[in-house]
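The primary structure of each chain is shown beneath.
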Amino acid sequence: QVQLVESGGGLVQAGGSLRLSCEASGSIFKINAMGWYRQVPGKQRELVTTITSGGTTNYADSVKGRFTISRDNAKNTVYLQMNSLKPEDTAVYYCNADLFQSARAILRNYWGRGTQVTVSS
């Protein structure tokens, strides 16, 4: 009943920029935190960045200074602005959220289906 839908992935040249969006929909009472993760074949899924309901952000060392996470609480949407992209950034990017479906419900974690980002050299 809760869905996370990503958009904005695609192919871009090294040094270019790309902006990802993730909208949460369905039965949502309160979103505590949202974030972005990425994964390449043969490697562990990696934290890219997160943002809490209070606005606190966290970034992986590999993307600091290049990526920026932001949110629009009214739209239940989180964004990822990616600048100065490198071939090493090529991966499937996944949206993640911690949220309550109602005031009585417990906190649950949800994942999007992922979107491919490819950076050519």
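Note: the structure precedes this text.
The text that follows walks through the structure, step by step, so that each part is easy to find. (Residues numbered from 1 in each chain as written. Predicted model: local features only at pLDDT ≥ 70, side-chain atom pairs only at ≥ 80, totals over all residues. Heavy atoms only, no water.)

### Let's talk about the nonpolar core
In terms of nonpolar packing, the biggest core is built from 28 residues, with W36, F67, V78, L80, M82 and Y93 touching the most fellow members. Those elements giving two or more residues to this core turn out to be β1 (2-7), β3 (18-26), β4 (30-39), β5 (46-52), β7 (67-72), β8 (77-82), β9 (91-100) and β11 (115-120). No other element matches β9, which puts 5 residues into this core. For M82, the residues in contact, after removing those within four places along its chain, are G16, S17, L18, L20, R66, F67, Y93 and V117. (Core = buried A, V, L, I, M, F, W, Y, C linked by side-chain atoms within 4.5 Å. Buried < 20%, exposed > 50% of the residue type's maximum accessible area, 1.4 Å probe, protein only. Helix = DSSP H or I, 4+ residues; strand = E, 2+ residues; numbered from the N terminus. Contact = heavy atoms within 4.5 Å.)

### Considerations on the sheet that holds β1
Read from one edge to the other, the open sheet built from 4 strands follows the order β1-β3-β8-β7, with strand pairing classed as antiparallel. Edge positions in the sheet fall to β1 and β7, since each has one partner strand and no second. Pairs of neighbouring strands in the sheet enclose a mean axial angle of 15°, with direction left out of account. In this sheet, β8 lies alongside β3 in antiparallel orientation, the contact comprising 6 bridges. Bridge assignment links L20 to a residue of β8, and that residue is L80. (Pairing = 2+ DSSP bridges. Axes fitted to C-alpha atoms, helices over the stretch in contact; angles between N-to-C directions.)

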